[in-house]
Amino acid sequence: MTQNVDGDGLTHSSRRRFLAGAAGVSAVAIAGCAGNDGEATEGPTDSSIGQIGSGRAGRPAPGGTPIAELPDLEGELELYSGRNEFLVGELISFLDETYPDFTPSVRYGGGSDLVNTIDTEGDGSPADVFYTVNAGNLGALADAGRTQTLSTEIQETVSEEFRTDQWVGTSGRARTVPFNTNAYSESDIPDDVMAFPEFDGDLGWAPTYGSCQAFVTAMRIFEGEEATREWLEGVVDAGITPYADEFQVAQAIANGELDAGFTNHYYIQRVLDGSPSAPIDTAFTSGDAGAIFNVAGAAVVDTAPNPELAQNFVRHLLSAEAQEYFAVETFEYPLIPEVEPVGDLPTVDELDVPEFDIAELSNVRATIDLMRDVGIST
């Protein structure tokens, strides 16, 4: 897919069309039917859906470094993506159309599966860039010695808590406690995640979801194995209801089937995007496993034959246009300060996020074993 471009490799019309599509009201609500790493998709809905929070209509042009100021993408790139095509395919197609000499080829799959694939392929792996939804997957690939050091420019674009020298976050998601506003007010929701086994309402979660398992992994890190086991046994004994994915949890809360639950922040926004008056709101716990902030991100594979192109592609994921896309199309937190999240949400700096190395979330196997030992299907 190519088109005529100006000297910067980007037409004015293509940039306007992309930004209009990103900033306008999408005709597609992103929800439901997810894979194990927590990415979700759904079919088209009515394009007259309403606005939420600060809304998407009328957003100013995003800040940060625009694509026009970045070096052109040139050459063939093999991208292994643990992010769902429905969520990021439009962005990748935009870059493909923008640069006539750029040919991306994408292999989609589960993040953990792709880590294993790259490791198995060894020196013969065709992967140039690994792009995934979970910092744990990025940390696992780096721990296996299959990544290369990112440029200083890439590293300095994002706050240090959201990157290492081997991988960089490109968008973020906060753990939250969605609740039904007809049943509770925000002050009724515990701000200590460890208190929820005693919560008197009906709870829901998605224990097979990668994001939920990362949350329990964080609890193991902060609280220890035995306290986490007791918490898991407590919520199970209290009758917590499992769902296939976290959008379903948020939708069940909005429908009044549940009183509260555990999800990433954007599932609440996606429910509100389709039903602005739905009785659902966002609560946060404070400085604990229930308040972790995880990132989707990218790494350059150690065997990439054209590391300059691979690094440049990763830099494009942090451009003003890409960050705006993540804000308005996937409802994630942008990771550059010049672009704000969509919705009535605190900024990243305002969240009471615990201090820890999010790469530690890669140790999910022990979490899955613990959940299964308690009797939770994962």
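Residues numbered from 1 in each chain as written. Predicted model: local features only at pLDDT ≥ 70, side-chain atom pairs only at ≥ 80, totals over all residues. Heavy atoms only, no water.

## Observations regarding the pattern of salt bridges
Move 1: All chains considered together, the criterion is met by eight salt bridges.
Move 2: Notably, a salt bridge pairs Asp302 with Arg146, separated by 2.8 Å at the nearest N-O pair. Within this pair, whereas Asp302 is found in the loop between strand 10 (293-300) and helix 10 (307-316), its partner Arg146 is found in the loop between helix 4 (135-143) and helix 5 (152-157), the two being separated by 156 residues in sequence.
Move 3: Here Asp302 falls in the partly exposed class, since its relative accessible area comes to 30%.
Move 4: Two residues, Glu246 and Arg175, come together in a salt bridge whose shortest N-O distance is 2.8 Å. (Salt bridge = Lys/Arg side-chain N within 4 Å of Asp/Glu carboxyl O. Helix = DSSP H or I, 4+ residues; strand = E, 2+ residues; numbered from the N terminus. Buried < 20%, exposed > 50% of the residue type's maximum accessible area, 1.4 Å probe, protein only.)

## Notes on helix 12 (residues 365-374)
Move 1: The set of residues buried in helix 12 consists of Thr367, Ile368, Leu370, Met371 and Val374. Axial view of helix 12: buried residues confined to an arc of 160 degrees, hence all on one face.
Move 2: Elements that come into contact with the buried residues of helix 12 comprise strand 5 (203-205), helix 6 (210-223) and helix 7 (225-237).
Move 3: Of the residues trailing helix 12, Gly375 is marked for its positive phi of about 105 degrees. (Arc of directions from axis to C-beta. Contact = heavy atoms within 4.5 Å.)

## Considering unusual backbone geometry
When glycine is set aside, most residues are seen to have a negative phi, and most peptide bonds are trans.
Move 1: The backbone phi angle of Phe331 is positive, close to 60 degrees, even though this residue is not glycine.
Move 2: You can see Phe331 is positioned in the loop between helix 11 (320-329) and strand 11 (333-334).

## Section: the confidence of the model for the protein chain
Move 1: Here the protein chain averages 85 in pLDDT, and 85% of its residues register 70 or above.
Move 2: Across residues 1-36, confidence stays below pLDDT 50; counting only partners more than four residues off in sequence or on other chains, it has 93 contacts.
Move 3: Ignoring residues within four places in sequence, the model shows residues 40-55, a span with pLDDT below 50, making 52 contacts including any to other chains. (pLDDT = per-residue confidence, 0-100.)

## Observations regarding the nonpolar core
Move 1: In terms of nonpolar packing, the biggest core is built from 106 residues, with Trp205, Phe215, Trp231 and Phe262 touching the most fellow members.
Move 2: Beyond its immediate sequence surroundings of up to four residues, Phe215 is in contact with Arg175, Val193, Trp231, Phe262, Ala289, Gly290 and Ile292. (Core = buried A, V, L, I, M, F, W, Y, C linked by side-chain atoms within 4.5 Å.)

## Considerations on the packing of helix 3 (residues 111-121) against helix 4
Move 1: Helix 4 packs onto helix 3 with a crossing angle of 10 degrees between their chain directions and a minimal axis gap of 9 Å. Judged by the angle between their axes, helix 3 and helix 4 are roughly parallel. Of helix 4, the residues touching helix 3 (which contributes Gly111, Ser112, Val115 and Ile118) are Asn137, Ala140 and Leu141.
Move 2: The class makeup of the residues in the contact of helix 3 with helix 4 is four nonpolar, three polar and no charged. (Axes fitted to C-alpha atoms, helices over the stretch in contact; angles between N-to-C directions. Parallel < 35°, antiparallel > 145°, perpendicular 65-115°, else oblique. Nonpolar A, V, L, I, M, F, W, Y, C, P; charged D, E, K, R; others polar.)

## A short note on the packing of helix 7 against helix 12
Move 1: Helix 12 packs onto helix 7 with a crossing angle of 45 degrees between their chain directions and a minimal axis gap of 10 Å. It follows that helix 7 is oblique to helix 12 by the angle criterion. Between helix 7 and helix 12 the crossing geometry is right-handed. Residues Glu225, Thr228, Arg229, Leu232 and Glu233 of helix 7 form the contact with helix 12, whose own contacting residues are Leu370, Met371, Asp373 and Val374.
Move 2: For the contact of helix 7 with helix 12, the class distribution of residues is four nonpolar, one polar and four charged. (Left-handed = near helix turned anticlockwise from the far one by under 90°.)

## Examining the packing of aromatic side chains
Move 1: Under the counting rule described, the total for this entry stands at 14 aromatic pairs.
Move 2: Arranged with centres 5.2 Å apart and planes meeting at 75 degrees, the rings of Phe196 and Phe262 form a pair that is edge-to-face. Here Phe196, found in the loop between strand 4 (168-180) and strand 5, pairs with Phe262, found in the loop between strand 7 (260-261) and strand 8 (263-264); they are 66 residues apart in sequence, far enough to count as distant.
Move 3: You can call Phe196 buried: its relative accessible area is 0%. (Phe/Tyr/Trp six-rings, centres within 6.5 Å; stacked < 30°, edge-to-face > 60°.)

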